[in-house]
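Breakdown of the fold
Here's the letter readout for the chains.
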Amino acid sequence: MPISTWARKKSPWIMHFPCGGCNGCDIEVVAALTPLYDAERFGVLLKGSPRHADILLVTGVVTMQVRDRLRRVYEQVPDPKVVVAVGDCAISGNVFDGSYAVAGPVDKVIPVDVYVAGCPPKPEAILSGVIKALEKLP
């Protein structure tokens with residue numbers, strides 16, 4: 001196993017991309033990264049740039065205004081990349097589905113590898129989704 005692959009699995013860098021919605025999932029993502037849940041035990045580090053991220057965490061339903069930005073951010077994440085859709089809005093659109101301002105759930109815009117259900121999902125579920133995303137990294 002090359003050292004770059006080993007390092008990527010032992011220290012995944014995450015970029016959180018909030019698309020819209022009620023921001024309940026965003027609060028839970030922030031809570032999952034606090035010392036209480038200790039995401040750092042998996043080597044998880046939150047990054048602000050997609051060019052440094054291994055995992056893209058997407059929350060909320062994709063609005064028309066954010067759709068092109070999400071595609072651009074997805075293209076900037078280096079390969080191999082893993083996308084985690086967090087929350088019911090990101091998975092199905094939930095109560096926002098069918099709105100004139102909504103492009104749809106995340107998987108209608110970019111490919112999704114891991115789904116974390118809940119409205120909002122608990123921080124433990126988000127960490128479980130990140131662990132599943134780590135398993136998908138080559």
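Residues numbered from 1 in each chain as written. Predicted model: local features only at pLDDT ≥ 70, side-chain atom pairs only at ≥ 80, totals over all residues. Heavy atoms only, no water.

Examining the overall build of the protein chain
A count of helices and strands for the protein chain gives 5 helices and 7 strands. Reading the secondary structure of the protein chain in the N-to-C direction produces α-β-α-β-β-β-α-β-α-β-β-α. A compact globule built from 138 residues should have a C-alpha radius of gyration of about 14 Å, and the protein chain, at 14 Å, falls within 12% of that. Along the three orthogonal principal directions, the C-alpha set of the protein chain runs to about 45 × 30 × 20 Å. The buried share among the 138 residues of the protein chain stands at 43%. The long-range fraction of contacts in the protein chain, counting pairs at least 24 apart against all pairs at least 6 apart in sequence, stands at 83%. (Helix = DSSP H or I, 4+ residues; strand = E, 2+ residues; numbered from the N terminus. Rg over C-alpha atoms; globule rule 2.2 N^0.38 Å. Buried < 20%, exposed > 50% of the residue type's maximum accessible area, 1.4 Å probe, protein only. Contact = heavy atoms within 4.5 Å.)

Overview of unusual backbone geometry
A cis geometry characterises the amide bond from Asp-79 onward to Pro-80, with omega recorded as -10°. Geometrically, the link from Cys-119 to Pro-120 is a cis peptide bond, its omega value of -15° lying close to zero. Note that Pro-120 resides in the loop between β7 (114-116) and α5 (123-136). In this model, Asn-23 sits at a positive phi of 75°, which is unusual for a non-glycine residue. Here Asn-23 shows up in the loop between β1 (13-18) and α2 (24-32). For Asn-23, a relative accessible area of 40% corresponds to the partly exposed category. A positive phi is found at Asn-94, a non-glycine position, where the angle reads about 50°. Considering the arrangement of structural elements, one finds Asn-94 in the loop between α4 (88-92) and β6 (102-104).

Remarks on the pattern of salt bridges
Across all of its chains, the model carries 3 salt bridges by this definition. Overlapping salt bridges, with partners in common, bring together Arg-67, Asp-68 and Arg-71 in one network. (Salt bridge = Lys/Arg side-chain N within 4 Å of Asp/Glu carboxyl O.)

Quick look at the packing of aromatic side chains
Enumeration over the complete set of coordinates arrives at 0 aromatic pairs. Cation over ring: Lys-47 sits above Trp-13, and NZ or CZ is 4.5 Å from the ring centre. Across the ring face of Tyr-74, the terminal group of Lys-81 is positioned such that the distance to the ring centre comes to 4.2 Å. (Phe/Tyr/Trp six-rings, centres within 6.5 Å; stacked < 30°, edge-to-face > 60°. Lys NZ or Arg CZ within 6 Å of the ring centre and 35° of its normal.)

Description of the nonpolar core
Side chains of a nonpolar character, in soluble globular proteins, are inclined to be buried together. Ranked by size, the top nonpolar core spans 19 residues in total, and within it Ile-55, Leu-57, Val-84, Val-86 and Ile-126 carry the most contacts. Taken together, the elements giving at least two residues each to this core come down to α2, β3 (55-59), β5 (82-86), β7 and α5. By residue number, the principal contributor to this core is α5, which donates 5 residues. Those residues in contact with Val-86, other than ones at most four positions away along the chain, are Cys-25, Val-29, Leu-57, Val-58, Thr-59, Gly-60, Val-116, Pro-121 and Ile-126. (Core = buried A, V, L, I, M, F, W, Y, C linked by side-chain atoms within 4.5 Å.)

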